[in-house]
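Below are the chains, spelled out letter by letter.
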Amino acid sequence: MCLGIPGQVVEVGKTITENAMVDVCGVKREVNIALVCEGEPHMMIGKWVLVHVGFAMSIVNEEEAKETLDALMAMGEVEDDVSAFLYGEEGAPKKN
């Protein structure tokens, strides 16, 4: 399955070659922002990006990011692999 998962940039390095920290559903992940950063890295803090295999592939607006996350969370209720990706293996909500 190939998914672009929305996450919000919460930390960056001094240059675009350093990985940023992106919050995806409360789980922080290291992400390369070099493909989407067009200025100083600190300008990326707070932006929403679509993450695929550790790379930010595009910048999205907050509304689009939240709509996508809502849809993915709904999928996660029936698809264990989506839930594990969103929340991490340990943080995935348990099904009753």
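Rules behind the numbers
- Residues numbered from 1 in each chain as written.
- Predicted model: local features only at pLDDT ≥ 70, side-chain atom pairs only at ≥ 80, totals over all residues.
- Heavy atoms only, no water.
- UniProt positions renumbered as here; feature names shortened; annotations may be inferred.
- Pairing = 2+ DSSP bridges.
- Helix = DSSP H or I, 4+ residues; strand = E, 2+ residues; numbered from the N terminus.
- Axes fitted to C-alpha atoms, helices over the stretch in contact; angles between N-to-C directions.
- Patch = residues over 30% accessible without salt bridge, like charges linked within 9 Å, V, L, I, M, F, W, Y side chains within 5 Å.
- Areas by Shrake-Rupley, 256 points an atom, 1.4 Å probe, with all protein chains shown as cover.
- Salt bridge = Lys/Arg side-chain N within 4 Å of Asp/Glu carboxyl O.
- Lys, Arg positive; Asp, Glu negative; His and termini not counted.
- Charge placed at Lys NZ, Arg CZ, Asp CG, Glu CD.
- Contact = heavy atoms within 4.5 Å.
- Polar contact = N/O pair within 3.5 Å; in protein donor to acceptor, adjacent residues only side chain to side chain.

- Looking up the protein in an unreviewed UniProt entry gives the name Hydrogenase maturation factor HybG, with the organism given as Proteus alimentorum.
- Per UniProt, the comment on the protein under Sequence similarities (unreviewed entry) is "Belongs to the HupF/HypC family."

### Points about the sheet that holds strand β1 (residues 5–11)
Move 1: Pairing in this open sheet of five strands is antiparallel, and the strands run β3-β2-β1-β4-β5 from one edge to the other. Each of the sheet's edge strands pairs with one partner strand only, and the pair in question is β3 (27–31) and β5 (55–60). Strand-to-strand twist in this sheet, taken as the mean axis angle between neighbours without regard to direction, amounts to 45°.
Move 2: Note that strand β2 (residues 20–24) and β3 share five bridges and pair antiparallel. Across the sheet, the residue bridging to A20 is V31, located in β3.

### Comments concerning a negative patch on the surface
Move 1: Together, E63, E64, E67 and D70 line one region of the surface with negative charge.
Move 2: Tracing the backbone shows E63 in helix α1 (residues 62–76).

### Structural notes on the environment of P41
Move 1: Looking at the element boundaries, P41 is found in the loop between β3 and β4 (48–52).
Move 2: Distance in space between the C-alpha atoms of P41 and A20 is 8.7 Å, their sequence separation being 21 residues.
Move 3: The contacts of P41, once residues within four sequence positions are left out, are V12, G13, K14, T15 and I16.

### Focus: the environment of Q8
Move 1: Here Q8 is to be found in strand β1.
Move 2: Linking Q8 and V60, residues 52 residues apart in sequence, is a C-alpha distance of 9.8 Å.
Move 3: Excluding residues that lie within four positions of it along the chain, Q8 makes contacts with M21, V22, D23, G46, K47 and W48.
Move 4: A polar contact of 2.9 Å, which involves the side chain of Q8, links it to the backbone oxygen of G46.

### Remarks on the pairing of β4
Move 1: Pairing of β1 with β4 involves four bridges; the strand directions are antiparallel. Note on β4: the bridge partner recorded for P6 is L50.
Move 2: Sheet topology note: the β4/β5 ladder contains five bridges and is antiparallel. Across the sheet, the residue bridging to V51 is A56, located in β5.
Move 3: Counted between consecutive antiparallel strands, the loop separating β4 from β5 contains two residues, among which V53 sits at a positive phi close to 45°.

### Some details on the pairing of β1
Move 1: Judged from the three bridges that link them, β1 and β2 form a sheet pairing that is antiparallel. Note that in β2 the partner of V9 across the bridge is V22.

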